[in-house]
Amino acid sequence: MADARIFLDLKADHDRHRKMLEQLAETQGDSEERRDLFEKLRLELQAHAAAEEESLYATMLADPDLRDEARHSVSEHKEIDDFLAELVDTDMSSGAWLTKFKDMRHRYLHHIDEEEEDMFPAAAKGLSAEEEKKIAAIFEKRKPKELEMAAKEGPGDERE
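Here we summarise the structure given alongside this text. (Residues numbered from 1 in each chain as written. Predicted model: local features only at pLDDT ≥ 70, side-chain atom pairs only at ≥ 80, totals over all residues. Heavy atoms only, no water.)

## Quick look at the packing of helix 1 (residues 5-25) against helix 5 (residues 129-152)
- At their nearest, the axes of helix 1 and helix 5 sit 7 Å apart, and the two run at 40° to each other. Compared by their axis directions, helix 1 and helix 5 come out oblique. Facing helix 1, whose interface residues are Arg5, Ile6, Phe7, Asp9, Leu10, Asp13 and Arg16, helix 5 presents Glu132, Lys133, Ile135, Ala136, Ala137, Phe139, Glu140 and Lys143.
- The residue inventory of the contact of helix 1 with helix 5, partitioned by class, reads seven nonpolar, no polar and eight charged. (Axes fitted to C-alpha atoms, helices over the stretch in contact; angles between N-to-C directions. Helix = DSSP H or I, 4+ residues; strand = E, 2+ residues; numbered from the N terminus. Parallel < 35°, antiparallel > 145°, perpendicular 65-115°, else oblique. Contact = heavy atoms within 4.5 Å. Nonpolar A, V, L, I, M, F, W, Y, C, P; charged D, E, K, R; others polar.)

## A few points about the nonpolar core
- Residues Ile6, Phe7, Leu56 and Met60 are the most contacted members of the largest nonpolar core, which totals 18 residues.
- Elements that contribute at least two residues to this core include exactly helix 1, helix 2 (32-61), helix 4 (95-126) and helix 5.
- Not counting residues up to four positions away in its chain, the partners in contact with Leu56 are Phe7, Leu10, Met119, Phe120, Ala123, Leu127 and Ile135.
- Leu24, Leu37, Leu41 and Leu45 belong to the second largest nonpolar core, which has 17 residues in total. (Core = buried A, V, L, I, M, F, W, Y, C linked by side-chain atoms within 4.5 Å. Buried < 20%, exposed > 50% of the residue type's maximum accessible area, 1.4 Å probe, protein only.)

## Concerning a negative patch on the surface
- Taken together, the side chains of Glu22, Glu26, Glu32, Glu33 and Asp36 present a region of like negative charge at the surface.
- The leading source of residues in the negative patch is helix 2, at three residues.
- Within the secondary structure layout, Glu33 lies in helix 2. (Patch = residues over 30% accessible without salt bridge, like charges linked within 9 Å, V, L, I, M, F, W, Y side chains within 5 Å. Areas by Shrake-Rupley, 256 points an atom, 1.4 Å probe, with all protein chains shown as cover. Salt bridge = Lys/Arg side-chain N within 4 Å of Asp/Glu carboxyl O. Lys, Arg positive; Asp, Glu negative; His and termini not counted. Charge placed at Lys NZ, Arg CZ, Asp CG, Glu CD.)

This is the structure in structure tokens:
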């Protein structure tokens, strides 16, 4: 990985997400703290996924050797987005919310572990230093824009 900035960017987001998930798991009931943390997590996950898809995954989908892994990860992003939409529609003080949150957290942690352990190394082997640099630039440009868009939209809203 000559210029691994894209993978460092993605890993930094993942580490932030792990911390947010841990903090959210420690909240109770329909509290202001839970609402605030969940909204920050929702925005962050949606923006991260969209920017990752527009940068790294778009490049991987064009490579027959990396296409299946990219498709798998895109489907997992959709699954997490669906979880987020369900959580928005569920009473935060209910046991159902906590159960659904734990399911979402488990699936997301599995997803990012899989990316870091399997997908990123496979992608790094197939990408040139120039491609990695270009992908990092796209991700770093898109993520703030995606955060802004996610704040305007609700979970599960379709993006054009």
